[in-house]
Amino acid sequence: MSETLLLDCTLRDGGYYNAWDFPQELIETYLEAMRAARVDIVEIGFRFLKNNGFKGACAYTTDDFLRSLNIPEDLQVAVMVNGTDLLTDLGLEATLERLFPEPAAATPVDLVRLACHFREVKQVLPAVRWLTERGYRVGFNLMQIADRSREEVVELAREARAWPVEVLYFADSMGSMTPQDTARIIGWLREEWDGPVGIHTHDNMGLALQNTLQAHAEGATWLDATVTGMGRGPGNARTEELVIEAQDLRSRPANLVPLMTLLRQHFQPMKEQYGWGTNPYYYLSGKYGIHPTYIQNMLLDSRYSEEDILAVIEHLRQEGGKSFSTGTLDGARNFYQGEPRGGWQPRSMLEGRDVLILGAGSGAQQHRAALEAYVRREQPVVIALNTHNGISEELIDLRAACHPVRLMADSEAHLALRQPLITPASMLPADLSGPLSSKELLDFGISLDEGRFEFADSHCVSPSLLVLAYAMAVAAAGGASRVLLAGFDGYTPGDARNREVEEVLRLLEQTPGSPQVISVTPSRYKHLKQMSVYGM
């Protein structure tokens, strides 16, 4: 077996969280920590060609930027180029000339890694010769290899062998591989490839380090990791753990003090801020082969509740989510497809009456006595959202719920509650409508169309799947005289969910035929008229 090499790609892979905008002081500290920990190669960033939106220096990793750094002499420097970025209208060579204007001898770059999807490999491989002729060492990274057949893997290994590739990498892009899968892939590569093999693992299922060590046991000698695992989605094998293992693998001690200081001063605070690392959502994405950027984007967007994330994962599991697309993510959140339909007309219960909608905020509980007195005195129709109460359960007339995953989670609770449930019953999947079949369901349909409300006798068009939007649409379709809200306090300042609720309230206000909406308990929402339950 050739010498085992550790490659740390924190500044490259971690940039998916902070737009590759690492302070230079951090980079200098990081480089010294890598030297002390006996890391061999540092991949400092990408070389992106496109310049859309702000990205920091590690997105472009220019020669001038690298020259501004104090790079220890015993650290080798790598940059990565995505195969997609090489396949431009400029042509392969012209694109390479733009990205690498100087020969290797004149730059700080030692190694260029080309990361390719399988469909790009044959088109990108000629870049290997262009780079090696200019003095660069070249690694070739095969992405999303887990679902490929033996024939495909062996064929690409044969293709790579015909070019001056120094190391052939494979990436567990979806974090879905087990140590057994890792061993099998290396065995397939070895049928045609006899050069060094490298591995880049993702930690969706908590197996990144185990897969890396299994790969080494099978003969892989180039091992990737990142500090605290910082990297797209759940991140990668953690450098701090791999260097500990490498001391035994290479019988070579390392000084871990600078690395541990780096963790405490810089990377642990960043991890708390950005939240990388595996969790049950990433585990599911690994299990079902879903691109981790879907999970990362939803976790960073507070509009996505737990129900939303689980429902999107289930949608992508069925429809396919190996390639990330913002459009696919937006569409996956729309769980009700096709024309809305329903069988219950709310006018039979709501026409001309006040409707009090109860939310989950603390305001309802804090002013419970006044709300209960008002309900007993004025007899509004009381609709509670999901399984929340806020006031005495005997005073609640109806419940409303529309989110499929929330309905599934709450199905047993709904069966135990006495109130009829307003929900898009005829539009629910069979595995959800079945458990609710013994419940009295008031079937009011829904479809989603961002930017508008529309009310019909037995269904609505809503700009959001928020249950508040659904319940207000029910009240509007039912001809309610007023909609009173209690327990809609608003989220903490800066929470994106505030904007979503504000937009729903604004659109309802602008929709002809909408009832007046008034909060009778404290609320932060600016588009909401407020009164006091004590003065009613």
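This text gives an overview of the structure that appears in the document. (Residues numbered from 1 in each chain as written. Predicted model: local features only at pLDDT ≥ 70, side-chain atom pairs only at ≥ 80, totals over all residues. Heavy atoms only, no water.)

Along the chain, the position of histidine 459 falls in strand E16 (residues 459-462). A C-alpha to C-alpha distance of 25 Å links histidine 459 and arginine 497, two positions 38 residues apart in sequence. Leave out the neighbours within four places in its chain, and histidine 459 touches Pro340, Arg341, Phe444, Gly445 and Glu454. (Helix = DSSP H or I, 4+ residues; strand = E, 2+ residues; numbered from the N terminus. Contact = heavy atoms within 4.5 Å.)

Checked against the element boundaries, arginine 113 lands in strand E4 (residues 111-116). There is a polar contact of 2.7 Å between the side chain of arginine 113 and the side chain of glutamate 43. Contact partners of arginine 113, with chain neighbours within four places excluded, come to Leu7, Cys9, Arg12, Glu43, Val79, Met80, Val81, Gly139, Asn141, Tyr169 and Asp224. (Polar contact = N/O pair within 3.5 Å; in protein donor to acceptor, adjacent residues only side chain to side chain.)

Once that is clear, we can look at helix H16 (residues 306-319). Since the α-helix advances by 3.6 residues per turn, residues separated by three or four positions end up pointing in the same direction. Its 14 residues give H16 an end-to-end C-alpha distance of 20 Å, which sits within 8% of 20 Å, the value for a rise of 1.5 Å per residue. All of the buried residues in H16 are Glu307, Asp308, Ile309, Ala311, Val312, Ile313 and Leu316. One or two residues past the end of H16 sits glycine 320, with phi positive at roughly 100°. (Expected span 1.5 Å × (residues − 1). Buried < 20%, exposed > 50% of the residue type's maximum accessible area, 1.4 Å probe, protein only.)

Turning our attention to the environment of glutamine 345. Tracing the backbone shows glutamine 345 in the loop between helix H17 (326-332) and helix H18 (347-350). Taking C-alpha positions, glutamine 345 is 67 Å from glutamate 97, a pair spaced 248 residues apart along the chain. When sequence neighbours within four positions are dropped, the list of residues in contact with glutamine 345 reads Asp457 and Ser458.

On to the state of the cysteines. Taken as a whole and judged by the stated rule, the model has zero disulfides. No disulfide involves cysteine 58; its sulfur sits 12 Å from that of cysteine 9, the nearest cysteine. (Disulfide = S-S within 2.5 Å.)

Through backbone hydrogen bonds, the strands of a sheet pair up, either in parallel or in antiparallel fashion. As summarised here, the arrangement of the three strands in space is E14-E16-E15, forming an open sheet in which the pairing is mixed. Every interior strand has two partners, whereas the edge strands, strand E14 (445-448) and strand E15 (454-455), have only one. Relative to E16, E15 runs antiparallel, the two sharing two bridges. Residue pairing for E16: phenylalanine 455 is matched across the bridge by cysteine 460. (Pairing = 2+ DSSP bridges.)

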